[in-house]
Structure formats: C-alpha cells, structure tokens
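Listed below are the residues making up each chain.
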Amino acid sequence: MDSAASLAGTAAAGAIPRRRRNYARQYWWFVVPCGAVVIATIIFPWVFTLYMSVHEWKLGGGRSWVGFANYAKLVEDERFLLSILRTLYFTALSVLIPMVLGLLAALAFHRKFPLRGLARTVFILPMMATPVAVALVWTMMFHPQLGVLNWLLQQVGIPPSMWVYAADTVIPTLVMVEVWHWTPLVMLILLGGLASLPIDPYEAAKIDGATPLQAFWHITLPLLAPFLVVALIIRTIDALKAFDTIYVITQGGPGTASETINIFLYLQAFAYYNLGYASAVVVVFFAIIIALAMVLLWTRARVKDA
Amino acid sequence: MRKLRRIAGNIGFGFGVLMLVSPAILVFLWMLSLSLKTELDNTDYPPVFIPNPPVADNFLAVFERNDFLTYAINSVIVSFSATGLAILFGVPAGYGIAKMKATKAAVVILIARITPGLSYLIPLFLLFQWIGLTGTLAPIVVTHLVITVPIVVWIMMGFFEGLPAELEEAALVDGATIWQAFRHVAMPLARPGITVATILAFIFSWNNFIFAMVLAGRETRTLPVAVNNMLTFEQISWGPLSAAALLVTAPVLLLTLLAQRQIVAGLTAGGVKGG
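As annotated in an unreviewed UniProt entry, chain B carries the name Carbohydrate ABC transporter permease and is attributed to Neoroseomonas eburnea. Under the heading Sequence similarities (unreviewed entry), UniProt records this for chain B: "Belongs to the binding-protein-dependent transport system permease family."

Naming follows an unreviewed UniProt entry, where chain A appears as Sugar ABC transporter permease of Neoroseomonas eburnea. Taken verbatim from the UniProt record of chain A, the Sequence similarities (unreviewed entry) comment is "Belongs to the binding-protein-dependent transport system permease family." Database annotation for chain A, UniProt heading Subcellular location (unreviewed entry): "Cell membrane".

Here it is, written out as structure tokens:
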C-alpha cells in the first residue's frame, strides 16, 4: 500500500518534468515557419553577401574568384574612404542634436499640461511620415531662389543659404532633415524612461531643499542613463544607415559632397552593377556599424557599473 | 509676485512646447499649402502662404497622369501582404521564443534590425532574377518581410513574456494541446500587442522606398517610388508634386493620429524602426 503510493508518487513526479520537456520541444513548431522565412530573407542574404564579396561579379557578366582583391581595392578607394568620413560627420551631428532635443522634449512631455496628448502626437508625426514624401517637400523648401526657407532667413536678417546646392552646406542641411525626422524616436524612448523613474529620490531632494536644476542633474540624469544609452545606440545605428532622404534630396551630390557609405554602396551595386565590389562594401559597412554598436554597449556596461 | 513668476514660467513653458512642435506643423502645413495653390502662386516670391482660393487642380493632375491609381493599388497589396504574412509567421514565433526563453533567436532579430536594408538587396535581387520573379509584385512583398517580420517578432516576444503563464497552464492541465492553449488563451490576451505590431509593420512597409525602387518595374512601382520618379522628371511643378506627396503620406499620418496610444506604446517598448 505504502510502496504503491510512493511508486505512483515517483511516477507522477517523473512524468511532470518529462511532459514539460516535451512542451519545450513542441514550442519549436511555433518558431519553425518564421525561422524558414528569416533564413530565406535575412540569413541567406548575409551568407551570400560574404560569398559574393570574394568574387568579381558583374551583373549580366561573368563572375570569378578574386579572393580579397575587392577589400584590397576598397582600402585604396579614395571615394570610399571619403564616404566613411562623411558618414561619420553626418552621424555625429545626427546623433548629438536629436539626443539633446529629444531629452528636452521628453522632459516637456513628461509634465502635465493642457493638450499634451495632441502636442505629443503632432511631435511624433515626422517619424511616421513617409520619408520620400517629406524629402520632396524639403527639396522644394531648399530651392535657393524660390524656397520658403531662404525667405524665412531673410525675414530675420540672415543671408540666404545654398542649402543642399553647395558642398559645404549640404551635409548640415541633410542633418537638419534627419533631426526633424528622428528626434521623436529619441523622445519616446526617454519618455518611457522618465515614466519608470521612482518618485522617492525627488521627495527626499525636495525636503533637503534642492533646486529643480540640481534634482535634474543629480537624480534624473543618472537614473535616466540606461535609457540615454539605448537611445544613443539606436540613433547611431539609424544615422549610419540613413538613405532615403539623402538619396531623394541630393543623390549624393553636389558632385560627391553628400555621398555617404550607403549612397556609395547603392551606386556601386545598382548604378555601376559591380555586385562583388558592392558586397565587400556591405561587409565593411556592417563591420563599422557593429564596431560602433559594441563601443556604445561597452559604454552602457560602464554606465551600469558606475 | 510668486504668482506672477509662475504665470511667466507657464508662458515660457508653453512657448517651449510650441517651439518643439512647430517644425513638424510647419513642414506639413507647407506641404498642404503647396498642394492647394496654382503653379503661379507656388513659384511666386515672396511665397504665398494661404491658398487663395484653394484649388483641387493639383490633385486632379496627379490622378490624371502617371498611373497613380495603379501605384496606389500596388502599395496597398504590398503593405497588406507583407504585414499579414508577418503576423501569420511572427506571432507564433514570438510566442515560441517567449515560451522557450530562446534569447539566441532574439539576437538574430536584433542584428536584422542593425543591418542596412540595402545589404539585403544585392543577393535577393540576384535570387529573384534566377527564379524569374522580376516584374511581379512578389519580390517586393518578400523583401518587405525583411522589415515587417522582425518588428512583429520583437513586439510579440516582449508581449508574450509579459503575460501571466497561469491561464495557459490551467488550460494545459485541463487537457488542451499547446496549440489550443496558444490559439484560445494566449492569442486573445495578446490582441493589444498584435494591434500594435500590425500598425507599426504596416506603416514601415508603406513608407519603405529602397526595396521597391530597386526591384520594381514600370508596372510594379509602389507609391514612394512613383513619387520619387515624379521629382526627377518634373523638377519645377511643385503643386502636383506636393499633392502626390501628401496623398502618399496621408494614410500613415491618419493612422498615427487615430492609433497614437498604441504606436507610442509599441515604439517606447521596442525602439523598432524599419529599413
């Protein structure tokens, strides 16, 4: 009797983990169809790009194994190296400005005020708008003679700018469009962060007679640091990848003054049809993105420790 | 005195908020203004701000020329298919990953988010040529999955992880299969998450430019590609150009206004973005 009960008990105890394990394996079937899609559309291109990058590969023409010749050529390709510098210049500005503005906006929208919901929705509209459509409007606004922006500058007494039509102003101008587009994403991430902050430290600071500025500097910023780093990483990656607006507004011009890595890559692949060479660009570009992301992640770990 | 300072502070704050939202408002209003004015007013200097009287000619011109309707239908087909397929594949996958705590699968999704959209295009472009699919909408739908699937998987993964497991466990104890537990217990609970994922996947697929630009032929262009082509061919006719741009982006702007709460929730959680 006793032993039978204990036997049943062990059987039951043994059965549960085995059933659990079975479940775990069964859950694979939820992932498999999607996994197949991901392999076909995402992982296959990654692998195939590596394969192509060691070939001389002309569209419609032949292909031949060239080893690392494409990479060797890239290192000496001045146009490519300059495109890296331009990308870094564009990225630095397109990260810093949205971070500052996004933080200010998040602090503003964290406060309660009339029509806050509407104002916040209007503020995030740029990031949801179709980039090509918006880029067209910007292009019209940048027109040196007829554009509304130069008229606005004139009203406040600033000399007109050539905007995207001169080599030295084209990148800052494109940064302006990028900032307009993506500051809302930074704002949203930081707004989520602000909503999750505890109230206690602020009450303690108030009792101790801290000014709002002190509270911001010594409480809000440190607590918000993880969210700032997330926003920083996402913004950096997106700025490196920026393509649509640059392509629509300038196509890399005037000359090659706004040719970033992505534009260079596009031209190599789909204007000159150097598919092997373009694949090598993809690999190097990807390495640059990963490297920067790693540096930022490392910063995040440092921030967490501190 | 203190009251006065508070009022001044509030006015300053209001002014600050106005400064924050005005760039967005100004660009969209200018788009609207350009699309409602005659060509004469559009090229006038100093600029005419308020259309007087507003004219619909530009919108009519867009529909008359350029097969705009064909491109609109293409865009609808592509975005709906890419979103629907992503939900079909991505929701169960998000569930499976959450249940198995398969963080390695999540890393793939993250790297997909990091990779530039262009880098998928070269291999896929060749692939479609070999299979002989060029000239149809199929390649465009497939490439849009590169955007929509990671968005859906990422959002659903987070959502299912946040659901309490007790209800499904109760269903399993009562003899339901895991598929039934998913279909009848977890899925209904996850409906808000599915809504968010659908909206975001749709918007980023609708907005996508680069995939269709490379893969589309004359007949298979999506709206962003068609509008960009208008720019290259009709440099100075600003009215029809703005009208077309407005028509392209109006659906997503309306969707944003209607579903702003879901969109904010989804974007805050994931920091997702397509392309």
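A. Structural view of the overall build of chain B. On a plain count of helices and strands, chain B comes out with 14 helices and zero strands. The order of α-helices and β-strands along chain B, N terminus first, is α-α-α-α-α-α-α-α-α-α-α-α-α-α. If one aligns the C-alpha atoms of chain B with their principal axes, the spans along those axes are about 75 × 75 × 30 Å. Long-range pairs, those at least 24 residues apart, make up 75% of the contacts in chain B between residues at least 6 apart in sequence. Treating the 16 positive side-chain charges of chain B as one cloud and the 13 negative ones as another, the clouds have centres 14 Å apart.

B. Here's a closer look at the interface of chain B and chain A. In this complex, chain B contributes 88 residues to the contact, which on the side of chain A involves 85 residues. Of the roughly 8,000 Å² buried between chain B and chain A, counting both surfaces, carbon and sulfur atoms make up 82%. With a shortest N-O distance of 3.1 Å, Asp238 of chain A and Arg113 of chain B are connected by a salt bridge. The interface formed by chain B and chain A contains 10 residue pairs in polar contact (both at pLDDT 80 or more). When grouped by side-chain class, the residues that make up the side of chain B that touches chain A number 69 nonpolar, 16 polar and three charged.

C. Molecular detail of the UniProt feature "domain: ABC transmembrane type-1" (unreviewed entry) in chain A. Under the local residue numbering, the UniProt record ascribes the feature "domain: ABC transmembrane type-1" (unreviewed entry) to residues 84-296 of chain A. The span residues 84-296 of chain A is 77% helix and 0% strand, and its two end C-alpha atoms sit 19 Å from each other.

D. Examining the UniProt feature "transmembrane region" (unreviewed entry) in chain A more closely. Residues and elements named next belong to chain A. The sites that carry the UniProt feature "transmembrane region" (unreviewed entry) are, in the present numbering, residues 27-48, 88-109, 121-142, 179-199, 215-234 and 275-298. Within the segment residues 27-48, helix and strand shares are 95% and 0% respectively, and the terminal C-alpha atoms sit 30 Å apart. The distance separating the terminal C-alpha atoms of residues 215-234 is 27 Å; by composition the span is 100% helix and 0% strand.

E. Representation of a nonpolar patch on the surface in the model. Judged by side-chain polarity, Leu96, Ile97, Val100, Leu101 and Leu104 of chain A come together as a nonpolar surface patch covering roughly 430 Å² of accessible area. Here Leu104 of chain A lies in helix H4 (residues 78-110).

F. Just a positive patch on the surface, in detail. Together, Arg2, Lys3, Arg5 and Arg6 of chain B give the surface a local cluster of positive charge. Among the structural elements, Arg5 of chain B can be located in helix H1 (residues 2-35).

G. Spatial organisation of the domain arrangement of chain A. Residues and elements named next belong to chain A. On domain assignment, one finds that chain A holds domain 1 (16-53) and domain 2 (69-305). Between domain 1 and domain 2, the C-alpha centre-to-centre distance is 33 Å. Each partner contributes residues to the interface: domain 1 has four residues there, and domain 2 has eight residues. For the pair domain 1 and domain 2, the summed buried area comes to about 460 Å², and 68% of that belongs to carbon and sulfur atoms. When the buried area of domain 1 at its contact with domain 2 is split by residue, Thr49, Met52 and Ser53 rank highest and sum to 86% of it. For the pair domain 1 and domain 2, the number of links is zero salt bridges.

H. Region of the structure containing the packing of helix H5 (residues 116-128) of chain A against H1 of chain B. Contact pair H5 of chain A / H1 of chain B: the axes reach a minimum separation of 9 Å and the direction vectors enclose 50°. Taken as axis vectors, H5 of chain A and H1 of chain B run oblique relative to one another. With respect to the hand of their crossing, H5 of chain A and H1 of chain B are arranged in left-handed fashion. In this structure, H5 of chain A contributes Ala119, Val122, Phe123, Leu125 and Pro126 of chain A to the contact, and H1 of chain B contributes Val17, Leu20, Val21, Ala24, Ile25 and Phe28 of chain B.

I. Quick look at helix H7 (residues 138-162) of chain B. Residue and element names in this part refer to chain B. Between its first and last C-alpha, H7 extends 35 Å over 25 residues, near the 36 Å set by a 1.5 Å rise per residue. The sharpest bend along H7 reaches about 35° and sits at Val146, with the proline Pro150 one to four residues further on. For H7, a buried count of 18 out of 25 residues is recorded, marking the element as mostly surrounded by other parts of the structure.

J. Structural detail: the UniProt feature "transmembrane region" (unreviewed entry) in chain B. Listed under "transmembrane region" (unreviewed entry) in the UniProt record, and renumbered for this structure, are residues 12-32, 68-95, 107-131, 137-160, 193-216 and 236-258 of chain B. For residues 107-131 of chain B, the helix share is 92%, the strand share is 0%, and the end-to-end C-alpha distance is 30 Å.

K. Molecular detail of the packing of H4 of chain A against helix H8 (residues 167-195) of chain A. Residue and element names in this part refer to chain A. Relative orientation of the contacting elements H4 and H8 amounts to 40°, with a least axis distance of 6 Å. Here H8 runs oblique to H4, going by the angle between their axes. For the pair H4 and H8, the crossing hand works out as right-handed.

L. Structural context of the packing of aromatic side chains. Across all of its chains, the model carries 34 aromatic pairs over all chains by this definition. Seen in terms of ring centroids, Phe48 of chain A and Tyr51 of chain A are 5.8 Å apart; in terms of plane orientation they differ by 35°. Their pairing is tilted. With a gap of three residues between them, Phe48 of chain A and Tyr51 of chain A both fall in helix H2 (residues 28-53), about one helical turn apart. Taking the relative accessible area as the measure of exposure, Phe48 of chain A reaches 13% and is therefore buried. When the centroid spacing of 5.6 Å and the interplanar angle of 50° are considered together, the rings of Trp180 of chain A and Phe28 of chain B count as tilted. Of this pair, Trp180 of chain A sits in helix H8 while Phe28 of chain B sits in helix H1, on two different chains. Judged by its relative accessible area of 9%, Trp180 of chain A falls in the buried class. Counting every residue linked through ring pairs, the aromatic cluster contains Tyr27 and Phe30 of chain A together with Tyr95, Phe160, Trp179 and Phe182 of chain B. Lys73 of chain A extends its terminal NZ or CZ atom over the ring of Tyr277 of chain A, reaching a point 4.2 Å from the ring centre. Here Arg111 of chain A stacks its cationic end above the ring of Phe13 of chain B, 3.9 Å away from the centre of that ring.

M. Local environment of unusual backbone geometry. Residue and element names in this part refer to chain A. The omega angle of the peptide bond from Gly253 to Pro254 is 0°, so this bond is cis rather than trans. Mapping Pro254 onto the fold places it in the loop between helix H11 (244-249) and helix H12 (261-270). Not every positive phi belongs to a glycine, and Leu115 is a case in point at roughly 65°. Note on placement: Leu115 falls in the loop between H4 and H5.

What counts and what doesn't
Residues numbered from 1 in each chain as written. Chains lettered and ligands numbered in written order. Predicted model: local features only at pLDDT ≥ 70, side-chain atom pairs only at ≥ 80, totals over all residues. Heavy atoms only, no water. UniProt positions renumbered as here; feature names shortened; annotations may be inferred. Helix = DSSP H or I, 4+ residues; strand = E, 2+ residues; numbered from the N terminus. Contact = heavy atoms within 4.5 Å. Lys, Arg positive; Asp, Glu negative; His and termini not counted. Charge placed at Lys NZ, Arg CZ, Asp CG, Glu CD. Buried area = accessible area lost by both parts, 1.4 Å probe. Salt bridge = Lys/Arg side-chain N within 4 Å of Asp/Glu carboxyl O. Polar contact = N/O pair within 3.5 Å; in protein donor to acceptor, adjacent residues only side chain to side chain. Nonpolar A, V, L, I, M, F, W, Y, C, P; charged D, E, K, R; others polar. Patch = residues over 30% accessible without salt bridge, like charges linked within 9 Å, V, L, I, M, F, W, Y side chains within 5 Å. Areas by Shrake-Rupley, 256 points an atom, 1.4 Å probe, with all protein chains shown as cover. Domains from an automatic or database assignment. Axes fitted to C-alpha atoms, helices over the stretch in contact; angles between N-to-C directions. Parallel < 35°, antiparallel > 145°, perpendicular 65-115°, else oblique. Left-handed = near helix turned anticlockwise from the far one by under 90°. Expected span 1.5 Å × (residues − 1). Bend = angle between axes of the 7 residues up to and from the residue. Buried < 20%, exposed > 50% of the residue type's maximum accessible area, 1.4 Å probe, protein only. Phe/Tyr/Trp six-rings, centres within 6.5 Å; stacked < 30°, edge-to-face > 60°. Lys NZ or Arg CZ within 6 Å of the ring centre and 35° of its normal.

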